[in-house]
Amino acid sequence: MGISATHEVSRLLEEWAKGNDHALDELTPLVYQELRRLAASYLRKEYPGHTLQPTALVHEAYLRLVDQKSPEWEGRSHFFGVAARLMRQILVDHARKRQAGKRAGQKVSLELEEVISFQPQRSQDLVALDSGLKALENLDPRKCKAVELRYFGGLSMDEIAQTLEVSTVTVRRDLRMAEAWLLKEMQS
């Protein structure tokens with residue numbers, strides 16, 4: 001997304017938050033492709049024939065986003081951060097449904113990138129990641145938000161820093177610490 005498109009998205013989000021429904025109509029085509037790209041990147045490593053497709057993931061997340069009565073978007077990064085969280089919730093719900101009652105308590109060594117690959121054998125890992133993120137959110141909300149924005153939102157380090165109002169160095173440090181904490185949490 002180019003700089004002018006980024007500013008246009010921010011402007012339209014602000015107008016939509018003020019109640020301008022026409023802004024939402026103009027916003028939709030601008031953010032749809034970016035949301036579709038994010039969803040496709042989440043599901044890229046999925047096995048063929050998977051029941052959850054990127055388009056369905058985007059549509060479900062988008063419906064939840066626009067269903068809000070008076071959204072208070074702080075800009076493009078905030079919008080995509082919320083979208084990332086919604087996609088995470090949708091994917092975790094999907095994984096829980098698929099894995100209900102399967103795989104009791106095995107410890108496995110994982111990398112975050114592997115967990116987020118959404119392969120069938122990773123559904124339980126995604127549920128464990130979600131539990132870990134909830135625990136991390138209680139412990140350190142900023143680190144949890146950084147992980148969500150990076151791995152589920154696809155935001156750059158600079159965009160995360162801007163959203164969280166911290167330096168890029170702090171974002172890198174937060175992500176390293178959060179990843180280490182999550183991996184330990186998921187293995188216990």
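Residues numbered from 1 in each chain as written. Predicted model: local features only at pLDDT ≥ 70, side-chain atom pairs only at ≥ 80, totals over all residues. Heavy atoms only, no water.

Draft legend 1. Structural view of the nonpolar core. Core analysis: the largest hydrophobic core is formed by 51 residues, its most contacted members being Trp 16, Leu 27, Val 31, Leu 35, Leu 65 and Phe 79. Elements represented by at least two residues in this core include exactly helix 1 (3-17), helix 2 (21-43), helix 3 (54-66), helix 4 (76-99), helix 6 (123-139), helix 7 (141-152), helix 8 (157-164) and helix 9 (168-187). If we skip the residues at most four places from it in the chain, Phe 79 touches Leu 13, Trp 16, Val 31, Leu 65 and Trp 73. (Core = buried A, V, L, I, M, F, W, Y, C linked by side-chain atoms within 4.5 Å. Buried < 20%, exposed > 50% of the residue type's maximum accessible area, 1.4 Å probe, protein only. Helix = DSSP H or I, 4+ residues; strand = E, 2+ residues; numbered from the N terminus. Contact = heavy atoms within 4.5 Å.)

Draft legend 2. Geometry of the packing of aromatic side chains. Here the structure, examined in full by the defined rule, presents one aromatic pair. Consider the rings of Phe 79 and Phe 80, whose centres lie 5.3 Å apart with planes at 80 degrees: the pair is edge-to-face. Classification of Phe 79 by relative accessible area gives buried; the value is 1%. For Phe 80, a relative accessible area of 1% gives the class buried. (Phe/Tyr/Trp six-rings, centres within 6.5 Å; stacked < 30°, edge-to-face > 60°.)

Draft legend 3. Seen up close, the confidence of the model for the protein chain. Per-residue confidence for the protein chain averages 77 on the pLDDT scale, and 78% of its residues sit at or above 70. In the model of the protein chain, helix 5 (residues 112-115) stands out as the element of lowest mean pLDDT, 50, in contrast to helix 9, which has the highest, 91. (pLDDT = per-residue confidence, 0-100.)

Draft legend 4. Representation of the packing of helix 7 against helix 8. Direction vectors running N to C along helix 7 and helix 8 enclose 140 degrees, while the axes themselves pass 10 Å from each other. It follows that helix 7 is oblique to helix 8 by the angle criterion. The element helix 7 and its partner helix 8 pack so that their crossing is right-handed. Along the contact surface, helix 7 presents Arg 142, Lys 145, Ala 146, Leu 149 and Arg 150, while helix 8 presents Met 157, Ile 160, Thr 163 and Leu 164. Its residues placed into classes, the contact of helix 7 with helix 8 shows five nonpolar, one polar and three charged. (Axes fitted to C-alpha atoms, helices over the stretch in contact; angles between N-to-C directions. Parallel < 35°, antiparallel > 145°, perpendicular 65-115°, else oblique. Left-handed = near helix turned anticlockwise from the far one by under 90°. Nonpolar A, V, L, I, M, F, W, Y, C, P; charged D, E, K, R; others polar.)

Draft legend 5. Inspection of the packing of helix 8 against helix 9 at higher detail. In the contact formed by helix 8 and helix 9, the axes pass within 8 Å of each other and the chain directions differ by 100 degrees. Classified by the angle between their axes, helix 8 and helix 9 sit roughly perpendicular to one another. Every residue of helix 9 that contacts helix 8 at Met 157, Asp 158, Ile 160 and Ala 161 is listed here: Thr 168, Val 171, Arg 172 and Leu 175. When its residues are assigned to classes, the contact of helix 8 with helix 9 shows five nonpolar, one polar and two charged.

Draft legend 6. Main features of the pattern of salt bridges. Scanning the entire structure with this criterion turns up 12 salt bridges. The shortest N-O distance in the salt bridge between Arg 11 and Glu 26 comes to 4.0 Å. With a gap of 15 residues between them, Arg 11 in helix 1 and Glu 26 in helix 2 connect regions that are remote in the sequence. Arg 11 gets classed as partly exposed once you look at its relative accessible area, which sits at 38%. Exposure remark for Glu 26: the relative accessible area of 43% places this residue in the partly exposed category. Salt bridges sharing partners connect three or more residues here, namely Asp 140, Arg 142, Lys 143 and Asp 174. (Salt bridge = Lys/Arg side-chain N within 4 Å of Asp/Glu carboxyl O.)

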